[in-house]
Amino acid sequence: MDADKNTTEEPLIPVVTIEKRRKPTDFSQALRITRIELKTNAAQIVFEHTYRRADNALFASTKGLRRRGKIAAAKTAEQTLSDMFDTFSTELSEALLKLQEAVQAKIPEPMRKLVYNHVRTFNAPASNGYSARLLNLTQQLDLLACTVDLLEINGVLTPNAADQTTQSWIKRYRRFTSSIQTLRVEVTKSVSASQAAQQN
């Protein structure tokens, strides 16, 4: 009788269910894991303290808005971010170039190599193109700090001048990542105000 019962049972058919997605964590998110190496304490510390929040803010201000159908707001935020990144990247590149020119002019070739005894390697998630750009800028900032170290060790810069140069760029990097957070807050307020106006 058991055999007859088994042959008459209907097979279980899987059902594709619909998931309700309300929170950002309910959505699947693409990430690119980028392996970056930072040699200087200054770059390591500022990266450790700022990157995660910056990456989240960059995602929320771009892809996050697009997922919610806020295309116009996303385009505005993306244009602002592009301008911010272009400005900071240009200024950082120009400062680095001047330091590298000083190395070429004042330090003999055999004395241009430094080693660091506590290099940190990070597997950093980039959730959008702007985060990938921020990782590139972080590596450039580290190279600038390394170049300052090289100039100071070889007597081209005084310890005070070297410290001031590095710290001024660390502060600018912090301000840059803070401006990303500020943009996220402003965009969120703008979208909320727009939604409230439409409901009234």
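The sections below set out a description of the structure shown in this document. A quick note: this is a predicted structure, and the numbers were derived from the prediction, not measured.

Bringing the pattern of salt bridges into the picture now. Pairing of side chains with opposite charge becomes possible as their charged atoms draw close. Scanning the model with the defined rule gives five salt bridges in all. Of the charged contacts, one joins Asp-86 and Arg-133 as a salt bridge, the two residues approaching to 2.9 Å between their closest N and O atoms. Taken together, the residues Asp-86 in helix α4 (residues 71-106) and Arg-133 in helix α5 (residues 129-153) connect sequence positions 47 residues apart. The exposure class assigned to Asp-86 is partly exposed, which follows from its relative accessible area of 39%.

Since the α-helix advances by 3.6 residues per turn, residues separated by three or four positions end up pointing in the same direction. For helix α2 (residues 41-61), spanning 21 residues, the distance from its first C-alpha to its last is 30 Å, which sits close to the expected 30 Å at 1.5 Å a residue. Along α2, the sharpest change in direction is near 40° and occurs at Thr-50.

Attention now goes to the packing of α2 against α5. The N-to-C vectors of α2 and α5 enclose an angle of 165°; their axes lie 10 Å apart at closest approach. Classified by the interaxial angle, the pair formed by α2 and α5 is roughly antiparallel. As for how α2 packs across α5, the hand of that crossing is right-handed. Touching Ala-43, Val-46, Phe-47, Tyr-51, Ala-54, Asp-55 and Leu-58 of α2 are Tyr-130, Ser-131, Leu-134, Leu-135, Thr-138, Leu-141 and Asp-142, all from α5. Residue classes in the contact of α2 with α5 are distributed as ten nonpolar, two polar and two charged.

Right, let's get into the packing of aromatic side chains. Scanning the entire structure with this criterion turns up six aromatic pairs. Taken together, the ring pairs in this structure connect Phe-85, Phe-88, Tyr-130, Trp-169 and Phe-176 into an aromatic cluster. It is Arg-172 that lies over the ring of Trp-169; its NZ or CZ is 4.2 Å from the centre.

Rules behind the numbers
Residues numbered from 1 in each chain as written. Predicted model: local features only at pLDDT ≥ 70, side-chain atom pairs only at ≥ 80, totals over all residues. Heavy atoms only, no water. Salt bridge = Lys/Arg side-chain N within 4 Å of Asp/Glu carboxyl O. Helix = DSSP H or I, 4+ residues; strand = E, 2+ residues; numbered from the N terminus. Buried < 20%, exposed > 50% of the residue type's maximum accessible area, 1.4 Å probe, protein only. Expected span 1.5 Å × (residues − 1). Bend = angle between axes of the 7 residues up to and from the residue. Axes fitted to C-alpha atoms, helices over the stretch in contact; angles between N-to-C directions. Parallel < 35°, antiparallel > 145°, perpendicular 65-115°, else oblique. Left-handed = near helix turned anticlockwise from the far one by under 90°. Contact = heavy atoms within 4.5 Å. Nonpolar A, V, L, I, M, F, W, Y, C, P; charged D, E, K, R; others polar. Phe/Tyr/Trp six-rings, centres within 6.5 Å; stacked < 30°, edge-to-face > 60°. Lys NZ or Arg CZ within 6 Å of the ring centre and 35° of its normal.

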